[in-house]
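One-letter residues, chain by chain:
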Amino acid sequence: MKNILFVLFAGIVLVSCSKAPQQTEELSAEAITDGVLIHITEGYEDPHRVLMPLKMAVLMSDDKDVLVYMDIEAVKFLVTGADDIEHEEFESAHTYIKQLSERNVGLYACPSCLKVAGLNPDDLMDGVQVAQKDKFFNFTKGRIISLDY
């Protein structure tokens, strides 16, 4: 009888010990939000390729960590006084940038691309910052999904 009780007790302990780490991992995974890095290279010559990712950034920022990195031609519409970008079915680029800034989404411009375009980092519009490499890794604790436009 003692042997049966011992085996039963040992079985319960083994089962409970083997389940505990899985439950901890599941709880930890649920608490971590994945991040989306959206990379925009286009500018005035292709409004759809600018506005679609900005719209996606706004939508995804509802429940994901989002970072928007803009380089190449995209830096040209990020400075104060730059012409806005519009296209049917979308808000304007400056409207999306304002919405993202209000949501505390990181909006970053490539410093080298600003220089190549003859622009100054001090002229970036409100809500846009000069990119720093550490920001690419620290904006989320989950996986980083990347979308390039």
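The rules behind each value
Residues numbered from 1 in each chain as written. Predicted model: local features only at pLDDT ≥ 70, side-chain atom pairs only at ≥ 80, totals over all residues. Heavy atoms only, no water. Phe/Tyr/Trp six-rings, centres within 6.5 Å; stacked < 30°, edge-to-face > 60°. Helix = DSSP H or I, 4+ residues; strand = E, 2+ residues; numbered from the N terminus. Buried < 20%, exposed > 50% of the residue type's maximum accessible area, 1.4 Å probe, protein only. Salt bridge = Lys/Arg side-chain N within 4 Å of Asp/Glu carboxyl O. Expected span 1.5 Å × (residues − 1). Contact = heavy atoms within 4.5 Å.

To continue, consider the packing of aromatic side chains. Scanning the model with the defined rule gives two aromatic pairs in all. Judged by centre distance (6.4 Å) and plane angle (75°), the rings of Tyr-44 and Phe-77 are edge-to-face. Note that Tyr-44 is positioned in the loop between strand E1 (35-40) and helix H2 (47-60) and Phe-77 in the loop between strand E2 (65-70) and helix H3 (93-102), a separation of 33 residues in sequence. Residue classification places Phe-77 among the buried residues on the basis of a relative accessible area of 0%. Measuring from ring centre to ring centre gives 5.0 Å for Tyr-69 and Phe-136, while their planes differ by 75°; the resulting arrangement is edge-to-face. Placement of Tyr-69 in strand E2 and of Phe-136 in helix H5 (residues 135-138) is noted, with a sequence separation of 67 residues between them.

Before going further, it helps to spend a moment on the pattern of salt bridges. A full pass over the atoms with the stated rule returns four salt bridges. Notably, a salt bridge pairs Lys-76 with Glu-73, separated by 2.7 Å at the nearest N-O pair. Exposure remark for Lys-76: the relative accessible area of 36% places this residue in the partly exposed category.

Okay, H2 next. Here H2 spans 20 Å end to end across 14 residues, near enough to the 20 Å set by a 1.5 Å rise per residue. Where the residues of H2 are buried, they touch E1, E2, H3 and strand E5 (144-148).

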